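Per-entry structural report
Each chain, written out:
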Amino acid sequence: MTREPAPNTLLFLLQRHYGEQWSIRRHGGLWIATATRHDVTHAPTLVEENVEIFVHQLEYPPAGIGVSGLAGERATENGLRVGATKDGPPGG
């Protein structure tokens, strides 16, 4: 029978392993990570109850909202700029 490590032990290990990229803490049943750099292109904060999902997100963070590098990619829908009509560009 294998035992899962205590939350404090796991917190210490996660902080040690991901400390350069993430500030990690626990609050009640939530695992919380905040990016240590302000110029990240992924979600700057992670909040998760399930530690396995949390660790997966630390490894492969979800995309951030409003990331300028993705703005052009998100601004098109069905080949048209958002707000455009089939007759022309937005406002025209």
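Thresholds, definitions, all that
Along each chain, residues carry numbers from 1 onward, in the same order as the chain's sequence is written. Where local features are concerned, this predicted model is filtered to residues with pLDDT of at least 70; where side-chain atom pairs are given and counted, the filter is 80 or more; whole-chain, interface and lining totals use all residues. The side-chain values count all of the structure's non-hydrogen atoms but skip hydrogen atoms and water molecules. Exposed residues in this analysis have more than 50% of their type's maximum accessible area, buried residues have under 20%, and partly exposed residues fall in between, with area computed by a 1.4 Å probe over protein chains only. For the purposes of this entry, the term helix denotes a DSSP run of H or I that reaches at least four residues, the term strand denotes a run of E that reaches at least two, and both are numbered from the N terminus. Within this analysis, the arc is defined by the directions that extend from the helix axis to the C-beta atoms. Polar contacts, as counted here, are pairs of nitrogen or oxygen atoms within 3.5 Å of one another; within protein the pair requires one atom able to donate a hydrogen and one able to accept it, and residues that are adjacent in sequence qualify only if both atoms are side-chain atoms. At least two bridges found by DSSP between two strands is the condition for calling them paired. What counts as an axis is a line fitted to C-alpha atoms, over the stretch in contact for a helix, and the angles between N-to-C directions run from 0 to 180 degrees. Two residues form a contact once any of their heavy atoms are found within 4.5 Å. Take the buried Ala, Val, Leu, Ile, Met, Phe, Trp, Tyr and Cys residues and link them wherever side-chain atoms come within 4.5 Å; each set so joined is a nonpolar core. We count a salt bridge whenever a side-chain nitrogen from Lys or Arg sits within 4 Å of a carboxyl oxygen from Asp or Glu.

For the rest of this paragraph, the subject is helix α2 (residues 51-59). Taken residue by residue, α2 has F54, Q57 and L58 as its buried positions. Down the axis of α2, the buried side of the element spans an arc of 105°, and every buried residue falls inside it. Sitting at the head of α2, N50 places a side-chain oxygen 2.8 Å from the backbone nitrogen of E52.

In space, the three strands of this open sheet follow the order β1-β2-β3, with antiparallel pairing throughout. Looking along the sheet, the strands with just one partner apiece sit at the ends: β1 (22-27) and β3 (45-48). When strand polarity is set aside, the average angle formed by the axes of neighbouring strands in this sheet is 15°. Taken together, the four bridges between strand β2 (residues 30-35) and β3 define a ladder with antiparallel strand orientation. Bridge pairing links T34 to T45 in β3. Relative to the sheet, α2 contacts β1, β2 and β3, its axis offset from that of β3 by approximately 165°.

Walk down a regular strand and you will see the side chains alternate between the two sheet faces. In the sheet, β1 pairs with β2 via six bridges, with the strands oriented antiparallel. Note that in β2 the partner of H27 across the bridge is L30. In sequence, β1 turns back onto β2 through a hairpin of two residues, with G28 there showing a positive phi of about 60°.

Turning to the nonpolar core, a few remarks are in order. Residues L14, W22, I24, A33, L46, F54 and L58 are the most contacted members of the largest nonpolar core, which totals 13 residues. For this core, the elements supplying multiple residues, two or more each, are α1 (7-18), β1, β2 and α2. Take this core: its biggest share by element is four residues, from α1. Filtering out sequence-adjacent residues up to four positions away, W22 remains in contact with A33, T34, A35, T36, H42, A43, P44, L46, L58 and P61.

A few words now on the environment of T36. One can find T36 in the loop between β2 and β3. Residues T36 and W22 lie 14 residues apart in sequence; the distance between their C-alpha atoms is 5.2 Å. Setting aside its immediate chain neighbours within four residues, T36 contacts G19, E20, Q21, W22 and S23. At 2.7 Å, the side chain of T36 and the backbone oxygen of E20 are in polar contact.

Our focus in this paragraph is the pattern of salt bridges. Taken as a whole and assessed by the stated rule, the structure comprises one salt bridge. A salt bridge links D39 to R37, with the nearest nitrogen and oxygen atoms 3.0 Å apart. Overall, the relative accessible area of 47% leaves D39 in the partly exposed class.

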